[in-house]
Amino acid sequence: MKSLALLILIAAAHAGFLFGSYGTGMFGFARAFPYMVVIALWIGASSALAGVAYFKVGTRLPWLSSSARGISFALAATLVSLYAGVFLAFNTFGT
């Protein structure tokens, strides 16, 4: 139960960070850095951190104990929370 709560918390934090940072103009980085650097930080860095967190929590679950299943689960969970965060940000604030 604790691992499931952590998975939900990671998903909410990842989607919330994507939503909040897009809504605030990437916390001011959008004006200071080139566009591709900002996008790499916004999507790449946050998704990498979320993927590592999903993998660490996922390996504690008995049905994801092997690393191959843990990696595929982490990738799938990261893509789902990435989609949710970007979808909410674009639909709320526009593109």
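I will try to describe carefully the structure that is included in this document. (Residues numbered from 1 in each chain as written. Predicted model: local features only at pLDDT ≥ 70, side-chain atom pairs only at ≥ 80, totals over all residues. Heavy atoms only, no water.)

Within this structure, the stated rule accounts for eight aromatic pairs. Aromatic pair Trp42 and Phe90: ring centres 6.3 Å apart, planes at 40°, arrangement tilted. Of this pair, Trp42 sits in helix 3 (residues 35-58) while Phe90 sits in helix 4 (residues 67-93), placing them 48 residues apart in sequence. Here a set of aromatic residues connected by ring pairs shows up, and it is made of Phe19, Tyr22, Trp42, Phe90 and Phe93. (Phe/Tyr/Trp six-rings, centres within 6.5 Å; stacked < 30°, edge-to-face > 60°. Helix = DSSP H or I, 4+ residues; strand = E, 2+ residues; numbered from the N terminus.)

Below, the discussion takes up the nonpolar core. Core analysis: the biggest nonpolar cluster contains nine residues, these being Leu7, Ile10, Ala50, Tyr54, Val57, Leu61, Leu64, Ala74 and Ala77. Broken down by secondary-structure element, the contributors of at least two residues to this core are helix 1 (2-23), helix 3 and helix 4. With three residues, helix 3 is the largest single contributor of residues to this core. Counting residues in hydrophobic clusters, the runner-up holds six residues, among them Leu18, Val38, Trp42 and Leu82. (Core = buried A, V, L, I, M, F, W, Y, C linked by side-chain atoms within 4.5 Å. Buried < 20%, exposed > 50% of the residue type's maximum accessible area, 1.4 Å probe, protein only.)

Here helix 4 spans 38 Å end to end across 27 residues, near enough to the 39 Å set by a 1.5 Å rise per residue. Restricting attention to buried positions, one finds in helix 4 the residues Gly70, Ala74, Ala77, Thr78, Ser81, Leu82, Gly85, Val86 and Ala89. Looking at the buried residues of helix 4, the elements they touch are helix 1 and helix 3. With its phi angle positive at about 80°, Gly94 sits one or two positions after the end of helix 4. (Expected span 1.5 Å × (residues − 1). Contact = heavy atoms within 4.5 Å.)

Keep in mind these values describe shape, not function.
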